[in-house]
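Overview (structure and organization)
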Amino acid sequence: MSRRNFPAHKTDICFMNVEQYLIWLESYVDIEEHPKRLKEFFLKTNDPYSLCVGLEYLLMYGYYTELDKLVERNKHHKNNQNREWAYLYELVIAKQKRTYKRRELLEKAQRFKTDDIPLQCIQLFFMISLYFDLFEHEMLANKLDILLEKIKKVNYPVLAPLLNRRLNLVLFNHYWIRNEMILARKHGFEALDGTDNSYHLANLHINLSLSYIFESFESAKYHLNEALLIAKEKNIPRMIEIINQHNMPFIYAHFNRPDGITTPIKSEQAHLAIAKGELITAQRLLSEVTEDTPFTKYYLGRAYQDRRLLLQSYNEFLEYRRDHFFARLPLTALKKL
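Sequence order sets the numbering: in each chain, residues are counted from 1 along the sequence as written. For a predicted model such as this one, the threshold for reporting local features is a pLDDT of at least 70, and the threshold for listing and counting side-chain atom pairs is 80 or more; totals across whole chains, interfaces and linings nevertheless cover every residue. Only hydrogens and water are removed before side-chain values are computed, so all heavy atoms of the structure are retained for them.

**Remarks on the packing of helix 8 (residues 137-151) against helix 9 (residues 159-177)**
To get an axis, a line is fitted to the C-alpha atoms, and for a helix only the part in contact is used. The angle between two axes follows their N-to-C directions and goes from 0 to 180 degrees. Secondary structure follows DSSP: runs of H or I at least 4 residues long count as helices, runs of E at least 2 residues long count as strands, and numbering of each begins at the N terminus. For the pair helix 8 and helix 9, the least separation of the axes is 11 Å and the interaxial angle reads 150°. In this structure, helix 8 crosses over helix 9, and the sense of that crossing is left-handed. Along its contact with helix 8, which presents His137, Leu140, Ala141, Leu144, Leu147, Leu148 and Ile151, the element helix 9 presents Leu163, Asn164, Leu167, Val170, Leu171, His174 and Ile177. With the far helix as reference, a near helix turned anticlockwise by less than a right angle produces a left-handed crossing, and one turned clockwise produces a right-handed crossing. Here, residues are in contact when the closest pair of their heavy atoms is within 4.5 Å.

The structure is reproduced here in structure tokens:
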């Protein structure tokens, strides 16, 4: 990735790289205007390095329409490096749009080869996100060790902070599932301060709300309400649906505050019934649930007051998901029987 001397005039914008342009912005433009100006810069620049960095910038700031356009520019660039970046971000977009199954995306990411260390970091971030979705937390930890070493080698002034923002999000999830809550929240709150993408921010608030289920209803409710507020302000229908139909019923039922909470999701209806002491209703609702997960076994164990089912749930959380945080759910229920 090449550097050039700083151009004397803003009219040279198409020939600046992003680091030169940022120096110009910091000298002449209010900081509140920087995100918008940088977005416009990435769509105009002809600098190959900046076209690559722009993909990460637009992704992390949630400029998805512009991201699609910049992927196309990189995809048809004469430089192989730009085409490599375009290919990987096409996979990232495919994950967001659900145009491929996660397992297919993982296979494509595993086959991808590049000598570009920053792009190797992006590849590892992408694979880690897929391992997290697939509950393959052991593989996630292995890739995270590799990522931590590679990311130290990225010293580009604009790109490095963007990657470190992503790293805080990953480390929050990593320590959360390991039930290392002091470290998880450290990275979670750092990620809150450094996240400009509304979708990422809302999702982080959801996860922070869940991280408080063994400590504080008020803290869990606060982060859930923040997530819902962002999702409504930014019009993210799927996020609103997840919060209202899954997260809110789960948290309110968990804290035995089921009154006034409704959901079309049968398993969460059962959870609310358990919170009300209506175990027969919960058993009937769970008989209609076809999913077989550690969570459904947890609900069944509570509905039937069955130690065997709760122990199965506990073992599955640990053995199949390596999830030490949510394994506390059946363990707590077992202690109460």
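There's plenty left to go through after this.
**Examining the packing of helix 12 (residues 217-233) against helix 13 (residues 237-254)**
The interhelical angle for the contact between helix 12 and helix 13, taken along N-to-C directions, is 170°, at an axis separation of 10 Å. Comparing their axes, helix 13 and helix 12 come out roughly antiparallel. The residues of helix 13 that touch helix 12, namely those facing Phe217, Ala220, Lys221, Leu224, Ala227, Leu228, Ala231 and Lys232, are Met239, Ile240, Ile243, Asn244, Asn247, Met248, Ile251 and Tyr252. Counted by class, the contact of helix 12 with helix 13 contains 12 nonpolar, two polar and two charged residues. Convention used here: angles under 35 degrees read as roughly parallel, angles over 145 as roughly antiparallel, angles from 65 to 115 as roughly perpendicular, and any remaining angle as oblique. Charged residues are taken to be Asp, Glu, Lys and Arg, nonpolar residues to be Ala, Val, Leu, Ile, Met, Phe, Trp, Tyr, Cys and Pro, and polar residues to be all remaining types, Gly included.

**A look at helix 18 (residues 328-336)**
Looking at helix 18, one finds that the buried residues are Leu329, Pro330, Ala333 and Leu334. Each buried residue of helix 18 sits inside an arc of 130° when the element is viewed along its axis, so together they form one side. In helix 18, those exposed residues whose orientation departs by more than 90 degrees from the buried face are Lys335 and Lys336. Where the residues of helix 18 are buried, they touch helix 13, helix 16 (294-304) and helix 17 (307-319). Partly exposed residues are those whose accessible area sits between 20% and 50% of the maximum for their type, while under 20% is buried and over 50% is exposed, using a 1.4 Å probe and protein chains only. The arc under discussion is defined with respect to the helix axis, by the directions toward the C-beta atoms.

**Digging into the pattern of salt bridges**
Where charged atoms of side chains with opposite charge meet at close range, the side chains can pair. Think of a salt bridge as a Lys or Arg side-chain nitrogen and an Asp or Glu carboxyl oxygen that are within 4 Å of each other. Taken as a whole and judged by the stated rule, the model has 20 salt bridges. Between Arg308 and Asp306 there is a salt bridge, with the nearest N and O atoms lying 3.9 Å from each other. In the salt-bridge network here, residues are joined through shared partners; they are Lys95, Arg102 and Asp133.

**Let's talk about the packing of aromatic side chains**
Under the pairing criterion, centres of Phe, Tyr and Trp rings, with the six-membered ring standing for Trp, must be within 6.5 Å; the plane angle then separates stacked pairs below 30 degrees from edge-to-face pairs above 60, leaving the rest tilted. A full pass over the atoms with the stated rule returns 21 aromatic pairs. Centroid distance Phe172 to Trp176: 5.6 Å. Interplanar angle 20°. Geometry classified as stacked. Of the two residues, Phe172 and Trp176 both sit in helix 9, four residues apart, roughly one turn of that helix. Judged by its relative accessible area of 1%, Phe172 falls in the buried class. Centre to centre, the rings of Trp176 and Phe326 are 5.8 Å apart; their planes meet at 65°, and the pair counts as edge-to-face.

**A look at helix 16**
Judged by how many residues are buried, helix 16 sits mostly within the fold: eight of 11 residues are covered. Regarding helix 16, the residues found buried are Pro294, Thr296, Lys297, Tyr298, Tyr299, Gly301, Arg302 and Ala303. Looking at the buried side of helix 16, the elements it contacts are helix 13, helix 14 (266-275), helix 15 (279-286), helix 17 and helix 18. Among the residues trailing helix 16, Gln305 stands out with phi positive, at a value near 55°.

**Regarding the environment of Ile122**
Looking at the element boundaries, Ile122 is found in helix 7 (residues 117-133). As a C-alpha pair, Ile122 and Tyr21 span 101 residues in sequence and 23 Å in three-dimensional space. Every residue in contact with Ile122, bar those within four places of it in the chain, is listed here: Glu56, Trp85, Leu88, Tyr89, Leu163 and Arg166.

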